[in-house]
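# Chain and residue survey
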Number of protein chains: 2
Amino acid sequence: MNESTAPGRVGDVRRRNLSLVLDSIARTGDAKPSRAQLAAGTGLTKAAVSSLVADLVDSGLVSEVGLYRDGERGRPGQGLELSSRRGVIGMEINVDYLAVGLVDLGGNLRFHASVESRNRGLAAEKVMERLGGLAAEAKAAASAEKIAIMGGGLAVPGLVDGQHNMVLSAPNLHWENVQLHPRTLLEGAPLGVRLSNEANSAALGELWYGGGRPDFLYVSGEVGVGGGVIIGSELYTGPGGSAGELGHIVVHPEGPACSCGGAGCLETFAGQEAIFKAAGIPEGSLGGRTELLLAALAAQDPRATKAVHDAGRYLGVALASSARLMDIEAVVLGGHFALLAEWLRPALLASLERYAPGLLEPGNLTVSGLEHSGTLLGAAGQVIRSVIESPFEFLLASKLA
Amino acid sequence: MNESTAPGRVGDVRRRNLSLVLDSIARTGDAKPSRAQLAAGTGLTKAAVSSLVADLVDSGLVSEVGLYRDGERGRPGQGLELSSRRGVIGMEINVDYLAVGLVDLGGNLRFHASVESRNRGLAAEKVMERLGGLAAEAKAAASAEKIAIMGGGLAVPGLVDGQHNMVLSAPNLHWENVQLHPRTLLEGAPLGVRLSNEANSAALGELWYGGGRPDFLYVSGEVGVGGGVIIGSELYTGPGGSAGELGHIVVHPEGPACSCGGAGCLETFAGQEAIFKAAGIPEGSLGGRTELLLAALAAQDPRATKAVHDAGRYLGVALASSARLMDIEAVVLGGHFALLAEWLRPALLASLERYAPGLLEPGNLTVSGLEHSGTLLGAAGQVIRSVIESPFEFLLASKLA
DNA sequence: CCATTTAGTTTTCAATCTGAACTATATGGG
DNA sequence: CCCATATAGTTCAGATTGAAAACTAAATGG
């Protein structure tokens, strides 16, 4: 006997419709819909919407924002919007910086701060302590703006087990099977702190607060090459949660050994270190190397140009294979690759045309406009979306607290 | 306003529970559960299960099979099973044969027939006519066994648009944008005939009636190299429906041009034609070439051995990339590759170990045991599963007819 | 100032689950 | 042989919830 699926109960209908109405309000965004508009949009009756909205307003997730007067005849509607008094704190640990952001339910970044921090090889406790300082700033900003913090999201550049708050492997931080205690960053937040992968969070940020296409592959060029796969407006994580590892796709079977133990991986051709090395830019401060590279490219330095050209070519090989395997039709470049896009894009497009002609239209290869805040928005957004998708569970969690 | 999601109605609960109960009966399979066991397994009350089962029995999808007597005390239960009087016809068009099978609701292959047919380059009308002859045999077998035919599934080796019954591209048949009329093969079947891709169907057949693992990549080595991705016990088709094109993953950036317009694709190294050519087996009858190849391998012919070794090596590259990108942890070899498995497997495993060490355990690289019937079972199974997942809709469709 | 229009609420009804009581049918000990 | 016990399955009252329709509320405009 298989009991994996829960039986449908009468009350499930309300859970679903609560979410449907809340999601409609979220999607409609600035338009601030009335109950009647929600009824038309969702297919529910006005009576049902009224009842559902009453619950959402009681819970504090939705606020009425005055009358909706547009000069038409008839009684004006009450505009509804996601409460701007509820927020989530997004946090990010990366190789050379830490960042936090306060995001309200509507997805507005209400506060933002970051500090440089050489985290590579640093103990997790030390990093979490520094991050705690930043989180305290965000909490102070929240109470100054009277925003109640529902929970937090923490993104790290590595493979994570969000269920157990473990960083399974973050090679660029030199972390392996590190247990984190993210909840301590935000004591008292009813929904706790959700740990997630940096590239996946950035992809979700792009989905919810950026381009907004329902299907795309986000390519994160931080120190490593990562990826986030969005299919049908959802993050595809695969059965084990580690899908999207674009950096370790094999792009040349005779390629050099990779830190992952394999060989010929994309990261050995298009990772930051590989590009710097090929461009002949010596080790120094990381920020400085990126600037030197950009300067060299601007000056049409041949080694730099070739380095980026080769990276684009191999990125094209990886994207061609990815598009074939996962039927991906759009790609968003983020991180380092966004900075290099001007020089990277032509080689990448030529490579795609060679290996998978016609599969990806050039217009569907875009650059992320969110820059570094994409990761914060995505990390916080995961908690916000969980509330929008299961408001009933949030009501319970709030009542218990 | 976004109206993509339908509102929850009170009646949805019953739809869901109808499916839940039917699915429980299907999964329990030979055990023929009683209503009380179903109640325990699903979490529903006995009252609810009784009411749901009554509807399912009325519809003819489920039959009572006498008392369930096991020597225990208490009233014996009525055993329930999927009706063996309802069936679906699975059909397959491939490059050099046609096949049909009659599959009952419980997944038993009750009748099977195939004929050789050189379909490459043949007009679709002609092929469908021949297939119609085979389908008539299956229909006769069904009426002889008093099985009512609910619908059919038709698998073809190419990219299809099931919604519009179009074969968008089947290069090995030389079909391009061909409109089919599969419904004419089974006049009067209430659910019509569902068109699908051959590799995807074989993967689904493996899922439902073969190994039964919830996450795996099925590799179909027919004339081309295809793939079917199963994630969370569902077929992953990607946003456009063409995911799993393993044959056109780039495994060598300096590789030869491919028929798809790209270069260095897996198919140019591991397709049937490529292997035959590399093994030095001249063109003749297709069946004969396979036999010659197997004989040469058995005789340890160096060219044949190297050809298969190379194919395995490049297949390993493609699988390493796939595993990284989609987090795939198990692979099932089908078709041609199943026949060659003995010689292919060592090279493939060595290649995986080189390019993605530790990612795929050797025990998770298996060979399909269903052989050619896997595709038929999968093609028919898609219709069977659609009934199990939406019995309510099937009841409506049946009542209209 | 009242007809018209649109927003939102109240009321009645039907669907469907749960829970408890009840009926049906077996086993087994005295 | 009969009755206590156990298990299967049914019946019925109660609760939740959305649909449909009637109703109330609040605006515009001639």
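Treat the numbers as computed from the prediction; the structure is a model and nothing was measured. (Residues numbered from 1 in each chain as written. Chains lettered and ligands numbered in written order. Predicted model: local features only at pLDDT ≥ 70, side-chain atom pairs only at ≥ 80, totals over all residues. Heavy atoms only, no water.)

### Observations regarding the overall build of chain A
What counts, and what does not: Under the DSSP-based scheme used, a helix requires at least four consecutive residues in state H or I and a strand at least two consecutive residues in state E, with every element numbered from the N terminus. Throughout, radius of gyration means the C-alpha value; the globule benchmark is 2.2 Å times the number of residues raised to the power 0.38. Only protein chains enter the calculation, and the probe is 1.4 Å; a residue is then buried if its accessible area is under 20% of its type maximum, exposed if over 50%, and partly exposed in between.
Of regular secondary structure, chain A possesses 12 helices and 15 strands. Taking 401 residues into account, the globule formula puts the C-alpha radius of gyration at 21 Å, and chain A, at 23 Å, falls close to it. When the backbone C-alpha atoms are referred to their principal axes, chain A occupies close to 70 × 55 × 50 Å. Counting all 401 residues of chain A, 54% fall into the buried class.

### With respect to the nonpolar core
Note the cut-off: Nonpolar cores are built from buried Ala, Val, Leu, Ile, Met, Phe, Trp, Tyr and Cys residues. Side-chain atoms within 4.5 Å join them into one set. Here, two residues are considered to be in contact whenever any of their heavy atoms come within 4.5 Å of each other.
Judged by nonpolar contacts, the single largest core of 92 residues is most densely connected at V219, L293 and L315 of chain A together with V219, L293 and L315 of chain B. Ignoring any residue separated from it by four or fewer positions in sequence, one finds V219 of chain B in contact with V225, G226, L246, L315, L319, V331, V332, L333, G334 and F337 of chain B. Judged by nonpolar contacts, the second largest core, of 31 residues, contains L134, I149, V160 and L173 of chain B.

### Examining the domain arrangement of chain A
The condition is simple: By convention here, the domain bounds are inherited from an automatic or database domain assignment.
According to the domain assignment, chain A contains domain 1 (12-82), domain 2 (86-204 + 374-400) and domain 3 (213-369). Summarising the inter-unit geometry, the C-alpha centres of domain 1 of chain A and domain 3 of chain A are found 43 Å apart.

### Considering the protein's contact with DNA strand D
Heads up, the rule is: Whether a residue is near a molecule or strand is decided by its heavy atoms; if any one of them lies within 4 Å of it, the residue is near. Counted as a polar contact is a pair of N or O atoms within 3.5 Å, where, for protein atoms, one must be capable of donating a hydrogen and the other of accepting one, and residues adjacent in sequence contribute only when both atoms are in side chains. Classes in brief: Ala, Val, Leu, Ile, Met, Phe, Trp, Tyr, Cys and Pro nonpolar; Asp, Glu, Lys and Arg charged; the others, Gly included, polar.
Close to DNA strand D lie 30 residues; R14 of chain A together with R9, K46, S50 and Q78 of chain B are nearest. Each atom of DNA strand D within 4 Å of the protein belongs either to a base or to sugar and phosphate, the latter forming 71%. In this structure, a phosphate oxygen belonging to DNA strand D sits 3.0 Å away from a main-chain N or O atom of R35 of chain B. Interatomic distance of 2.6 Å between a side-chain N/O atom of K46 of chain B and a base nitrogen of DNA strand D. Mapped by element, the contributors of at least two residues to the surface near DNA strand D are helix 1 (12-28) and helix 3 (46-59) of chain A together with helix 2 (35-42), helix 3 (46-59) and strand 2 (77-82) of chain B. Across the surface near DNA strand D, the residue classes tally to 10 nonpolar, 11 polar and 9 charged.

### Comments concerning the interface of chain B and chain A
Filter applied, for reference: A simple way to read buried area is as the amount of 1.4 Å-probe accessible surface that goes missing from two parts once joined, with both sides added. Any carboxyl oxygen of Asp or Glu that lies within 4 Å of a side-chain nitrogen of Lys or Arg is treated as forming a salt bridge with it.
Between chain B and chain A, the residue contacts involve 62 residues of the former and 62 residues of the latter. Across the interface of chain B and chain A, roughly 5100 Å² is buried in total on both sides, 58% from carbon and sulfur atoms. Inspection of the chain B/chain A interface yields 4 salt bridges. Put simply, R313 of chain A and E254 of chain B hold a salt bridge, and the shortest N to O gap is 3.0 Å. Run the count over chain B and chain A and you get 28 residue pairs in polar contact (both at pLDDT 80 or more). Put simply, the parts of the chain that give the side of chain B that touches chain A at least two residues each are helix 1 (12-28), helix 2, helix 9 (302-326) and helix 10 (336-355) of chain B. Sorting elements by how many residues they give to the side of chain B that touches chain A places helix 9 of chain B first, with 9 residues.

### Details of the pairing of strand 9 (residues 175-179) of chain A
Residue and element names in this part refer to chain A. Spelled out, the test is: For two strands to pair, DSSP has to find at least two bridges joining them.
Sheet topology note: the strand 8 (residues 166-170)/strand 9 ladder contains 4 bridges and is antiparallel. Across the sheet, M166 pairs through a bridge with Q179, a residue of strand 9. Taking the residues between adjacent antiparallel strands as the criterion, strand 8 and strand 9 are bridged by 4 residues, where H174 takes a positive phi near 60°.

### Examining the sheet that holds strand 3 (residues 86-93) of chain B
All names here are of chain B. Which entries qualify depends on this criterion: Fitting a line to C-alpha atoms yields each axis, with helices limited to the stretch in contact; the angle taken between N-to-C directions then spans 0 to 180 degrees.
Taken together, the 5 strands give an open sheet; going across it, the order is 5-4-3-6-10, and neighbouring strands pair in mixed fashion. A strand with exactly one partner marks an edge of an open sheet, and here the two such strands are strand 5 (109-116) and strand 10 (193-197). Averaged over all neighbouring strand pairs, the angle between strand axes comes to 15°, with direction disregarded. The pairing of strand 3 with strand 4 (residues 97-104) spans 7 bridges and is classified as antiparallel. Paired with I93 across the strands is L98, a residue of strand 4. Seen against the sheet, helix 11 (residues 373-389) touches strand 3, strand 4, strand 5, strand 6 (148-156) and strand 10 and runs at an angle of roughly 135° to strand 3.

### Notes on the protein's contact with DNA strand C
The environment of DNA strand C is formed by 31 residues, the closest being R9, K46, S50 and Q78 of chain A together with R14 of chain B. The sugar-phosphate share of atoms of DNA strand C within 4 Å of the protein amounts to 70%. Between K46 of chain A and DNA strand C, the recorded distance is 2.5 Å, taken from a side-chain N or O atom to a base nitrogen. One nitrogen or oxygen atom from the side chain of N17 of chain B is found 3.4 Å from a phosphate oxygen belonging to DNA strand C. Secondary structure elements with two or more residues in the surface near DNA strand C: helix 2 (35-42), helix 3 and strand 2 (77-82) of chain A together with helix 1 and helix 3 of chain B. Its residues placed into classes, the surface near DNA strand C shows 11 nonpolar, 11 polar and 9 charged.

### Topic: the environment of Q300 of chain A
Residue and element names in this part refer to chain A. Inspection of the secondary structure puts Q300 in the loop between helix 8 (286-298) and helix 9 (302-326). Judged by relative accessible area, Q300 falls into the exposed class, the value being 66%. For the pair Q300 and E81, spaced 219 residues apart in sequence, the C-alpha to C-alpha distance is 51 Å.

### Looking at the packing of aromatic side chains
For any two aromatic rings, the description comes down to two numbers: the centre-to-centre distance and the angle of the planes. Convention followed: For Phe, Tyr and Trp, where Trp contributes only its six-membered ring, two rings pair if their centres lie within 6.5 Å, and the inter-plane angle classes them as stacked under 30 degrees, edge-to-face over 60, or tilted in between. Lysine and arginine charges are scored as sitting over a ring when NZ or CZ, respectively, is within 6 Å of the ring centre and within 35 degrees of the ring normal.
In total, this model carries 5 aromatic pairs over all chains according to the counting rule given. One residue, R313 of chain A, lies across the ring of Y314 of chain A, its end atom 4.9 Å from the ring centre.

### Considering the relation of the copies chain B and chain A
Each of the two copies of the chain can be brought onto the other by a rotation about an axis and a shift along it. The condition is simple: Least squares is used to superpose the copies, and the fit set is the C-alpha atoms of residues whose pLDDT is at least 70 in both copies.
Mapping chain B onto chain A leaves a residual RMSD of 0.1 Å; the transformation is a rotation of 180° accompanied by 0.0 Å of translation along its axis. The two molecules are tied by a two-fold rotation axis, judged by turn and shift. Proximity to the rotation axis, assessed at the C-alpha, singles out H252 of chain B in chain B; its C-alpha lies 2.8 Å from the axis. Most of the interface of chain B is mirrored in chain A: 100% of its interface residues are interface residues there too.

### A short note on the packing of helix 9 of chain A against helix 9 of chain B
Our working definition: Our angle categories are set so that under 35 degrees counts as roughly parallel, over 145 as roughly antiparallel, 65 to 115 as roughly perpendicular, and the remainder as oblique.
Contact geometry for helix 9 of chain A and helix 9 of chain B: axes closest at 11 Å, N-to-C directions at 75°. With respect to each other, helix 9 of chain A and helix 9 of chain B are oriented roughly perpendicular. Of helix 9 of chain B, the residues touching helix 9 of chain A (which contributes S322, L325 and M326 of chain A) are S322, L325 and M326 of chain B. Here the contact of helix 9 of chain A with helix 9 of chain B is composed, by residue class, of 4 nonpolar, 2 polar and no charged.

### A look at helix 2 of chain A
All names here are of chain A. Among the residues making up helix 2, those that are buried are L38, A39, G41 and T42. The inward-facing, buried residues of helix 2 abut helix 1, helix 3 and strand 2. Downstream of helix 2 by a residue or two, G43 has a phi angle that is positive, lying close to 90°.

### Section: the pairing of strand 4 (residues 97-104) of chain A
Residues and elements named next belong to chain A. Counting buried positions along strand 4 gives 8 out of 8 residues, so the element sits mostly inside the fold. Residues Y97, A99, G101 and V103 line one face of strand 4 and the alternating positions L98, V100, L102 and D104 line the opposite face, and both faces are buried. Taking the residues that link successive antiparallel strands as the turn, the strand 3 (residues 86-93)-strand 4 hairpin has 3 residues. Pairing between strand 4 and strand 5 (residues 109-116): 7 bridges, direction antiparallel. In the strand pairing of strand 5, G101 is matched with H112.

### Comments concerning the environment of E267 of chain A
Residues and elements named next belong to chain A. Mapped onto the elements of the fold, E267 is located in helix 6 (residues 267-270). Residue E267 is classed as buried on the basis of its relative accessible area, which comes to 17%. Through-space distance from the C-alpha of E267 to that of Y314 is 9.4 Å; in sequence the pair is 47 residues apart. Dropping the residues within four chain positions of it, E267 is found in contact with G224, V225, G247, H248 and A274. A polar contact is formed between the side chain of E267 and the backbone nitrogen of V225, at a distance of 3.0 Å.

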